[in-house]
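Commentary on secondary and tertiary structure
Letter by letter, the chains look like this.
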Amino acid sequence: MSSNQALMNRDLEVLWHPCTQMKDHQSLPVIPIRRGEGVWLEDFDGNRYIDAVSSWWVNIFGHANPRINSAVRDQLEKLEHVILAGFSHEPVIELAERLVGLTAPGLSRVFFADNGSSGIEVALKMSFHYWQNAGKPKKKRFVTLGNSYHGETLAALAVGDVDLYKHTYKPLLMEVLTAPSPDCYHREPGESWEQHSRRQFEGMQKILAEKHEEICAVIVEPLVQCAGNMRMYHPIYLKLLREACDRYGVHLIADEIAVGFGRTGTLFACEQAGITPDFMALSKGLTGGYLPLCAVLTSDHIYQMFYDDYDTLRAFLHSHSYTGNPLACAAANATMDIFATDNVIENNRVLSAHMARALEPLNDHPHVAEVRQTGMIAAVEMVRDKASRTPYDWRERRGMRVYQHALTRQALLRPLGSVTYFMPPYVITPEQIDHLAKVAMEGIDIATRD
Ligand SMILES: *Cc1c(COP(=O)(O)O)cnc(C)c1O
């Protein structure tokens, strides 16, 4: 029988893991997972872990969900894949219809890519190409927010602003305009989230006023900058941004790859601002965390700007091999079924209120600067000095100490720097949330001891 150790040895001979300094594994274990069920992951030595980060934010209805399993199994018997140019299939049509039905009126066309980063590339290219087709060739720049993240391929990386991932590759990346983040961690004492996000908008307003003739689109992560340490902001920012984009003739791209499908308390984060973006990218939770797939939704108006005789060369000639893969679409349709029949958003409201209560005591920890939450995302930010909010030196890797403790206590709490966060599958129970809160408190005590 395979053990953790045996598999780890084989793994480390041949694999190169994502987002990892492989040398870390001289001391940190790689944990091979044998099976998953609900929020639980089980390794080859029989240890179990609550997947508190939803396996990088993708899983929403638990591992080995019977309904999604059965939908994928059924699809597998019929059609595993087919080219989506010139051909089509039922799961992709059904999924597009459902996404158009679920998102704000005005989003009526769906282009499929096969992961989040490629979906971002699609939205950026479509926006640029729209302006070319519209006779506005000067529009070729993008505006992004400080501390934003949109994926790892070169254009997605270019419109992101997390230095840790971006810095090395800067010479390869297109230049973007960066507006100050509305991130409310940095609000002044006594300032509300709304006041702060409103004030931060002034920087964006200025960029748009001065440069709109060169700008294709603004790209944002609505409400939560997840990879940027789970920093959060008020919906007013999105409302102001939508108005300004309309005023200045600039597209708005909403990257709901991480925050879509109920994460922030509404089905889509944009709903909280009552706005419709020109492009909306959905991935991660889209397939319930089963298979890679991205949907880029846009308006009929934008679609029409490409619709013409072939020889005008206005078409969007972009493709990915696995565009609209039927198995992925079947998983996504089963995921949409669960949203349609179970009171997911309602239940999440109860769970997120429970999460808030469970994490409340962490506010009093001498090395916790902030416990923040938006819907089913909660984050705890550790600092060296609470009063001045002096951060820990990143080299100390305090978050990793919490992670290591959590592994001994049945929890997967992979951190972002000094931030420990909770982004669990929606099938988590209140008791499991209480356990995670307890483990986090213990872990933060240990991690901040010296
Ligand atoms: C994860 C993520 C992406 C990239 O998606 P991948 O499937 O990992 O390429 C883009 N934007 C946001 C906001 C994300 O969280």
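A quick note: this is a predicted structure, and the numbers were derived from the prediction, not measured. (Residues numbered from 1 in each chain as written. Predicted model: local features only at pLDDT ≥ 70, side-chain atom pairs only at ≥ 80, totals over all residues. Heavy atoms only, no water.)

Overview of the site of the ligand
To keep things clear, this is the line we draw: The cutoff for a nearby residue is simple: one of its non-hydrogen atoms must lie within 4 Å of the molecule or strand. In protein, a polar contact means a hydrogen-donor-capable atom and an acceptor-capable atom, both N or O and within 3.5 Å, with residues adjacent in sequence counting only if both atoms are side-chain atoms; elsewhere, any N or O pair within 3.5 Å suffices. We get accessible surface area from the Shrake-Rupley algorithm with a probe of 1.4 Å; when it comes to residues, only the shown protein chains can shield them. In the scheme used here, Gly and all other residues not listed as nonpolar or charged are polar, with Ala, Val, Leu, Ile, Met, Phe, Trp, Tyr, Cys and Pro taken as nonpolar and Asp, Glu, Lys and Arg as charged.
Every residue near the ligand is listed here: W57, N115, G116, S117, Y149, H150, G151, E221, D255, I257, A258 and K284. In the model, an oxygen atom of the ligand is placed 3.5 Å from a nitrogen or oxygen of the N115 side chain. At 2.6 Å from an oxygen atom of the ligand is found a side-chain nitrogen or oxygen belonging to K284. Considered on its own, the ligand offers 380 Å² of accessible surface; in the complex 83% of this is hidden by protein. Its residues placed into classes, the shell around the ligand shows four nonpolar, five polar and three charged.

Side note on the packing of aromatic side chains
Centre distance and the angle of the planes are the two values used to describe a pair of aromatic rings. Put simply, the test is: In this scheme Phe, Tyr and Trp rings, the latter by its six-membered ring, pair at centre separations within 6.5 Å, and the angle between planes marks the pair as stacked below 30 degrees, edge-to-face above 60, and tilted otherwise. Under the DSSP-based scheme used, a helix requires at least four consecutive residues in state H or I and a strand at least two consecutive residues in state E, with every element numbered from the N terminus. Only protein chains enter the accessibility calculation, which uses a 1.4 Å probe; a residue whose area is less than 20% of its type maximum is buried, one above 50% is exposed, and one in between is partly exposed. When the NZ atom of lysine or the CZ atom of arginine is within 6 Å of a ring's centre and also within 35 degrees of its normal, the charge is said to sit over that ring.
One pass over the full model with this rule turns up 12 aromatic pairs. Between F111 and F316, the aromatic rings sit 5.3 Å apart at their centres with planes inclined by 75°, giving edge-to-face as the arrangement. Highlighted residues: F111 in strand β4 (residues 109-113) and F316 in the loop between α10 (300-304) and α11 (326-341), separated in sequence by 205 residues. Here the two residues F111 and F316 agree in accessibility, since each one is buried. Considering the side-chain rings of Y149 and Y165, the 5.8 Å spacing of their centres and the 75° angle between planes classify their relative orientation as edge-to-face. Of this pair, Y149 sits in the loop between β5 (141-145) and α6 (154-158) while Y165 sits in helix α7 (residues 163-166), and the two are 16 residues apart along the sequence. Like Y165, Y149 is buried. Here K139 stacks its cationic end above the ring of W131, 4.4 Å away from the centre of that ring.

Comments concerning the domain arrangement of the protein
Rule in force here: Domain start and stop points were drawn from an automatic or database domain assignment. Any two residues having at least one pair of non-hydrogen atoms within 4.5 Å are treated as being in contact. Within this document, salt bridges are pairs made up of a side-chain nitrogen of Lys or Arg and a carboxyl oxygen of Asp or Glu, the two lying within 4 Å of each other.
Under the domain assignment used here, the protein contains domain 1 (31-64 + 343-447) and domain 2 (70-341). With 34 residues of domain 1 at the interface, the matching set in domain 2 holds 29 residues. Inspection of the region where domain 1 meets domain 2 yields two salt bridges. R231 serves as the salt-bridge partner of E381, at 2.9 Å between the closest nitrogen and oxygen. Along the contact surface separating domain 1 from domain 2 lie 12 residue pairs in polar contact (both at pLDDT 80 or more). Residue assignment for the side of domain 1 that touches domain 2 shows that the elements contributing at least two residues are α2 (54-57), α12 (344-359), β13 (368-374), β14 (377-382) and β16 (419-422).

What about the pattern of salt bridges?
One side chain can pair with another of opposite charge once the charged atoms of both are near each other. Counting across every chain of the model gives 29 salt bridges. The salt bridge partner of D278 is R242, with a shortest N-O separation of 2.9 Å. Residue D278 is found in the loop between β10 (251-255) and β11 (279-282), and its partner R242 is found in helix α9 (residues 236-248); the two are separated by 36 residues along the sequence. Considered together, D278 and R242 belong to a single accessibility category, that of buried residues. Between E381 and R372 there is a salt bridge, and its shortest N-O distance comes to 2.5 Å.

Focus: the sheet that holds strand β1 (residues 33-37)
So the rule is basically this: For two strands to be treated as a pair, DSSP must find no fewer than two bridges joining them. Axes here refer to lines fitted to C-alpha atoms; in helices the fit is confined to the stretch in contact. Angles between the N-to-C directions go from 0 to 180 degrees.
Judged by pairing direction, the sheet is mixed, and its four strands sit side by side in the order β1-β2-β3-β15 without closing on themselves. What marks the edges here is a single partner per strand, and that holds for β1 and β15 (411-412). Here strand β3 (residues 48-51) pairs with β15 via two bridges, running parallel. Residue pairing for β15: D51 is matched across the bridge by L412. Across the sheet, helix α14 (residues 430-447) lies against β2 (40-43), β3 and β15, angled at about 100° from β3, the strand it touches most.

Some words on the nonpolar core
Note the cut-off: The set of buried Ala, Val, Leu, Ile, Met, Phe, Trp, Tyr and Cys residues whose side-chain atoms join them within 4.5 Å is what this entry labels a nonpolar core.
By size, the foremost hydrophobic cluster in this structure holds 59 residues, and its most contacted members are L95, L99, F261, L286 and F422. Ranked by the residues each element gives to this core, the list is headed by α11, at nine residues. Each of domain 1 (31-64 + 343-447) and domain 2 (70-341) gives at least three residues to this core. If we skip the residues at most four places from it in the chain, F422 touches A52, M355, L359, M376, I377, A378, V380, L413, L436 and A440.

Here's the deal with the pairing of β13
The element β13 is largely enclosed, with a buried count of five among its seven residues. For β13 and β14, the ladder comprises six bridges, and the chain directions are antiparallel. The residue of β14 that forms the bridge with T374 is I377. In sequence, β13 turns back onto β14 through a hairpin of two residues, with G375 there showing a positive phi of about 55°.

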